[in-house]
Amino acid sequence: MKKVEIIIRPFKLEEIKECLTEIGIKGMTVTDVKGFGRQGGHKEVYRGAEYQVDFLPKIKVEVVIEEELLDELMEAVVNAARTGQVGDGKIFISPVDEVVRIRTGESGTDAL
Ligand SMILES: Nc1ncnc2c1ncn2[C@@H]1O[C@H](COP(=O)(O)OP(=O)(O)OP(=O)(O)O)[C@@H](O)[C@H]1O
Ligand SMILES: [Mg+2]
């Protein structure tokens with residue numbers, strides 16, 4: 001299993017949610033975050049205004065998936081999240097050792 005952390009522009013959330021559910025993910029966690037990348041948060045436009053601060057609002061989507069879904073998910077997310085401007089975000093992938101579904105006690109991919 002893999003955990004995919006996707007940092008996106010806030011207005012892209014609906015589109016990302018739709019493409020993830022189409023792929024067949026079983027669940028997702030969404031968090032409001034703030035951060036910066038290579039530009040240090042400068043020269044990015046958010047809601048028409050150029051931010052002069054270091055941190056810009058982003059959304060982090062976390063999904064844990066079966067590895068077989070990874071390639072399809074990555075392609076769909078990149079296509080959905082890209083505007084071509086700086087600040088489009090990033091995708092971080094890491095291994096997941098174990099998952100437990102609390103209600104049933106199931107574990108592994110059955111628990112997703
Ligand atoms: N190396 C990193 N580690 C952790 N979070 C990061 C990293 N790079 C970017 N982020 C997160 O992703 C968000 C968007 O990053 P961003 O897309 O601006 O990356 P970038 O490398 O500057 O690419 P671009 O040049 O296209 O803007 C940041 O606000 C931050 O929350
Ligand atoms: Mg950037």
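Refer to the preceding data block for the structure.
Predicted model only: the values in this text are computed from it and were never measured. (Residues numbered from 1 in each chain as written. Chains lettered and ligands numbered in written order. Predicted model: local features only at pLDDT ≥ 70, side-chain atom pairs only at ≥ 80, totals over all residues. Heavy atoms only, no water.)

**Notes on the overall build of the chain**
Worth spelling out the cut-off: Note on conventions: DSSP H or I runs of at least 4 residues are helices, E runs of at least 2 residues are strands, and numbering of each starts at the N terminus. Here's how the labels work: a residue is buried when its accessible area is under 20% of the maximum for its type, exposed when over 50%, partly exposed in between, all with a 1.4 Å probe on protein chains only. Contacts between residues were defined by any pair of non-hydrogen atoms, one from each residue, lying within 4.5 Å. For every accessible area listed, the method is Shrake-Rupley and the probe measures 1.4 Å; residues are considered covered only by the protein chains on display. When charges are tallied, Lys and Arg are placed among the positive residues and Asp and Glu among the negative ones, while His and the ends of the chain are skipped. Lysine's charge is taken at NZ, arginine's at CZ, aspartate's at CG and glutamate's at CD.
For the chain, the count of helices and strands is 2 helices and 6 strands. Element order for the chain, N to C, with α for helix and β for strand: β-α-β-β-β-β-α-β. Counting every position in the chain, which comprises 112 residues, the buried fraction comes to 32%. Look at the contacts in the chain between residues 6 or more apart in sequence, and 72% of them connect residues 24 or more apart. Entry remark: accessible area of the chain is about 7,300 Å², with carbon and sulfur atoms responsible for 49%. Considering the chain, the positive charge centre built from 16 side chains and the negative charge centre built from 21 side chains are found 7 Å apart.

**Considering the environment of Gly-89**
Take Gly-89: it is sitting in the loop between helix H2 (70-81) and strand S6 (90-95). Note on Gly-89: relative accessible area 43%, which makes it partly exposed. Between the C-alpha atoms of Gly-89 and Ile-7, which are 82 residues apart in sequence, the distance is 5.0 Å.

**Observations concerning the layout of surface pockets**
How we decide: A cavity here means a set of points on a 1 Å grid, drawn over the protein atoms and nothing else, where a 1.4 Å probe fits but cannot get out; a pocket is an open set with protein on both sides within 12 Å along at least five of seven lines, and a residue lines either one if it has an atom within 4 Å of a point. Grid points are joined across faces, edges and corners, and a volume is the space filled by probe spheres set on the points. Residues are grouped as follows: nonpolar covers Ala, Val, Leu, Ile, Met, Phe, Trp, Tyr, Cys and Pro; charged covers Asp, Glu, Lys and Arg; every other residue, Gly included, is treated as polar.
Here the largest pocket defines a volume of roughly 340 Å³. As for the largest pocket, its lining consists of 17 residues, and the residues nearest its centre are Phe-36, Gly-37, Arg-38, Gly-89 and Lys-90. Listed by contribution, the elements that provide at least two residues to the lining of the largest pocket are strand S2 (29-35), strand S5 (56-65) and S6. Per-element accounting of the lining of the largest pocket gives the leading share, 3 residues, to S2. Among the residues making up the lining of the largest pocket, the classes are represented as 6 nonpolar, 5 polar and 6 charged.

**Examining the packing of helix H1 (residues 13-23) against H2**
Note the following rule: For helices, the fitted line uses only the C-alpha atoms of the stretch in contact; every axis is such a line through C-alpha atoms, and the angle between N-to-C directions lies from 0 to 180 degrees. Note on angle classes: values under 35 degrees are labelled roughly parallel, values over 145 roughly antiparallel, values of 65 to 115 roughly perpendicular, and the remainder oblique. Take the far helix as the reference: if the near one is turned anticlockwise from it by less than a right angle, the crossing is left-handed, and if turned clockwise, right-handed.
One can describe the packing of H1 onto H2 by two numbers: an axis separation of 9 Å at closest approach and a directional angle of 160 degrees. Looking at the two axes, H1 sits roughly antiparallel to H2. Considering only the axes of H1 and H2, their crossing is right-handed. Seen from H1, the contacting residues are Glu-15, Ile-16, Cys-19, Leu-20 and Ile-23; seen from H2, they are Glu-72, Leu-73, Ala-76, Val-77, Ala-80 and Ala-81. Split into classes, the residues belonging to the contact of H1 with H2 amount to 9 nonpolar, no polar and 2 charged.

**Considering the site of ligand 1**
So the rule is basically this: Nearness here has a simple test: a residue counts as near a molecule or strand if at least one of its heavy atoms is within 4 Å of that partner. Whenever a nitrogen or oxygen atom comes within 3.5 Å of another N or O atom, the pair is scored as a polar contact, on the condition that within protein one atom can donate a hydrogen and the other can accept it, and that pairs from neighbouring residues in sequence are kept only if both atoms are in side chains. If over half the atoms of a molecule are within 2 Å of the grid points of a cavity or pocket, the molecule is regarded as sitting in it.
In the vicinity of ligand 1 lie 14 residues, with Arg-38, Gln-39, Gly-87, Gly-89 and Lys-90 positioned nearest. Contact between ligand 1 and Arg-38: an oxygen atom at 2.6 Å from a main-chain N or O atom of the residue. Between an oxygen atom of ligand 1 and a main-chain N or O atom of Gly-89, the distance comes to 2.7 Å. Burial of ligand 1 by the protein amounts to 70% of the accessible area it has alone, namely 610 Å². Among the cavities detected, the one that contains ligand 1 is the largest pocket. Across the shell around ligand 1, the residue classes break down as 4 nonpolar, 5 polar and 5 charged.

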